[in-house]
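Spelled out from the first residue to the last, the chains are:
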Amino acid sequence: MTAVSMPHVMPTYGRLPIALTHGDGCRVWDTDGREYLDGLGGIAVNTLGHKHPKLVAALQDQVTKMIHCCNYYQVPLQEELARMLVERSGLTNVFFCNSGLEANEAALKIARKYGHDKGIDRAEVVVCERAFHGRSIATLSATGNPKVHQGFEPLVEGFVRVKFNDIDSLRAVADSHPNITAVFMETVQGEGGIHPARIEYLQAVRQLCDDKGWLLMLDEVQCGVGRTGKWFAHQWAGIQPDVMPLAKGLGSGVPVGAVVCGPRAAHVLKPGNHGSTFGGNPLSMRAGVETIKIMEEEGLLANAGRVGQHLMSALERELGKVAGVTEVRGQGLMIGIELDRPCGVILSRAMEAGLLLSVTADKVIRLVPPLILTTEEADQIVAILAPLVRQFLSEPAVA
């Protein structure tokens, strides 16, 4: 493999020694011409895979017209994408930004402003253990991973942490914290190890928020936009949030973030309260519009559900009874394989075998491939990954 020197780029990532040059569908190639099956999708970003002909044509067309227009002016493509998101979520309106971190920052500002509007000067937001909401000062403070916090203290105040999927933990803080204005949680914890919220838990949290007058803010940055087989993961529970941050797969690789709000939160932010220079520019909006259109034309929600279940079943069959495999879990094409020991080495071993994936929460192999993945490609993922996992678990555990 040919390593690429990057001495002028800040060393904020532990990069693997390959550089990708191009892709097609669920396949990518590096500078040596070596082919890989993409089981990572740019971390749940490449919804339509690589080089989708309809998306390529639409983006080429948009580039010839206008890439950027600031928000001093009306941007019709913003309204088109906002309408599509509102119609598919049942919510009210949308704010556009550039990333999941920015969408989560906007959600936190909404929670605080909502509290101030109710006369709560020091609003508190409930967040969950194992959560990941971003790496800005506010979103890392909301994140439930001490490793992310280290070196960046003091953290932002105003967060109350509870156990995920534990309604009693939430009810306990409800009784002791009168300044709570919102509950902020991922519908499926991604970086925390692919932990889906249980349906009955989501329903109970929704009811408690209604009873208390709190905002329910569901971070669907990674699990939204069809990844679980529905447009938004919370729809499996038959509920609606008040605030829903989105990003990652919404633009199929073009950076776009969004905060979709329901009636309780839709008009909290007024002119001057929030903004974004690049957010909602015509190119990113066209990417979002075309992504949703293509997903519907090609039945990708159903595909995510069908192929995801096929992949989960195959992984369970091949690995479920292997000593050292704790659990295979997930929803749709968002799947985690938890081992009983740290398994970061699987990242490079899979790459060497021609499969791209990630390891998160130290012990969880994460698969979030493009939503165009076929059952044949899912079988190829299993054929590559299962022997690697078995081999890894047969080796002496490293202390």
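These numbers were taken from a predicted model, which means no experiment stands behind them.

Rules behind the numbers
- Residues numbered from 1 in each chain as written.
- Predicted model: local features only at pLDDT ≥ 70, side-chain atom pairs only at ≥ 80, totals over all residues.
- Heavy atoms only, no water.
- Helix = DSSP H or I, 4+ residues; strand = E, 2+ residues; numbered from the N terminus.
- Rg over C-alpha atoms; globule rule 2.2 N^0.38 Å.
- Buried < 20%, exposed > 50% of the residue type's maximum accessible area, 1.4 Å probe, protein only.
- Contact = heavy atoms within 4.5 Å.
- Areas by Shrake-Rupley, 256 points an atom, 1.4 Å probe, with all protein chains shown as cover.
- Disulfide = S-S within 2.5 Å.
- Patch = residues over 30% accessible without salt bridge, like charges linked within 9 Å, V, L, I, M, F, W, Y side chains within 5 Å.
- Salt bridge = Lys/Arg side-chain N within 4 Å of Asp/Glu carboxyl O.
- Expected span 1.5 Å × (residues − 1).
- Polar contact = N/O pair within 3.5 Å; in protein donor to acceptor, adjacent residues only side chain to side chain.
- Core = buried A, V, L, I, M, F, W, Y, C linked by side-chain atoms within 4.5 Å.
- Axes fitted to C-alpha atoms, helices over the stretch in contact; angles between N-to-C directions.
- Parallel < 35°, antiparallel > 145°, perpendicular 65-115°, else oblique.
- Left-handed = near helix turned anticlockwise from the far one by under 90°.
- Nonpolar A, V, L, I, M, F, W, Y, C, P; charged D, E, K, R; others polar.
- Phe/Tyr/Trp six-rings, centres within 6.5 Å; stacked < 30°, edge-to-face > 60°.
- Lys NZ or Arg CZ within 6 Å of the ring centre and 35° of its normal.

This paragraph deals with the overall build of the chain. What the chain contains, in helices and strands, is 12 helices and 17 strands. Radius of gyration (C-alpha) of the chain: 21 Å, near the 21 Å computed for a compact globule of 399 residues. Expressed along its principal axes, the backbone C-alpha trace of the chain runs to roughly 60 × 55 × 45 Å. Every one of the 399 residues in the chain was classed for burial, and the buried ones make up 55%. Of the contacts formed within the chain by residues at least 6 apart in sequence, a portion of 72% connects residues at least 24 apart. Accessible area for the chain stands at about 17,400 Å²; split by element, carbon and sulfur atoms hold 54% of it.

Applying the stated criterion to the full structure yields zero disulfides. Counting only cysteine sulfurs, C223 is the nearest neighbor of C26, a cysteine outside any disulfide, at a range of 20 Å. Judged by relative accessible area, which is 2%, C26 ranks as buried. Looking at C97, it has no disulfide partner, and the nearest cysteine sulfur is the one in C261, 11 Å off.

This next bit is on a nonpolar patch on the surface. On the surface, V4, M6 and V9 cluster together into a nonpolar patch covering about 230 Å² of accessible area. Relative to the elements of secondary structure, V9 occurs in the segment before β1 (20–24). Note on V9: relative accessible area 39%, which makes it partly exposed.

Looking now at helix α8 (residues 199–212). Under the 1.5 Å per step criterion, the end-to-end length of α8 is 20 Å for 14 residues, consistent within 8% with the ideal 20 Å. Residues of α8 that are buried: Y201, L202, A204, V205, R206, L208 and C209. In this structure, the buried residues of α8 make contact with β5 (124–128), α7 (167–176), β7 (180–186) and β10 (215–219).

What follows deals with the side chain of N46. Counting through the fold element by element, N46 comes out in the loop between α1 (41–44) and α2 (53–63). Owing to a relative accessible area of 14%, N46 belongs among the buried residues under this scheme. A polar contact of 3.4 Å, which involves the side chain of N46, links it to the backbone nitrogen of G42. Apart from the residues lying within four places of it in its own chain, the contact partners of N46 are G41, S252, G253, P370 and L371.

This brings us to the nonpolar core. If you look at the biggest cluster of nonpolar residues, it comprises 65 residues, and the most contacted ones within it are L85, L311, L315 and L385. Setting aside anything within four residues of it in sequence, one finds L311 in contact with L333, I335, L367, L373, A378, I381 and V382. Counting residues in hydrophobic clusters, the runner-up holds 25 residues, among them V160, F164, L170 and L208.

With that settled, the discussion passes to the packing of α2 against helix α9 (residues 282–297). Packed helices, taken two at a time, are described by their axes: the angle between them and the distance between them. Look at α2 against α9: their axes get within 10 Å of each other, and the N-to-C directions meet at 155°. By the angle between their directions, the pair α2 and α9 is classed as roughly antiparallel. The crossing of α2 and α9 is right-handed. Touching K54, L55, A58, L59, D61, Q62 and V63 of α2 are P282, L283, R286, A287, E290, T291, I294 and E297, all from α9. Taken together, the residues of the contact of α2 with α9 sort by class into eight nonpolar, two polar and five charged.

Attention now moves to the packing of aromatic side chains. The description of two aromatic rings rests on the distance between their centres and on the angle between their planes. This model, assessed by the stated rule, comprises two aromatic pairs. It is K230 that lies over the ring of W236; its NZ or CZ is 4.6 Å from the centre.

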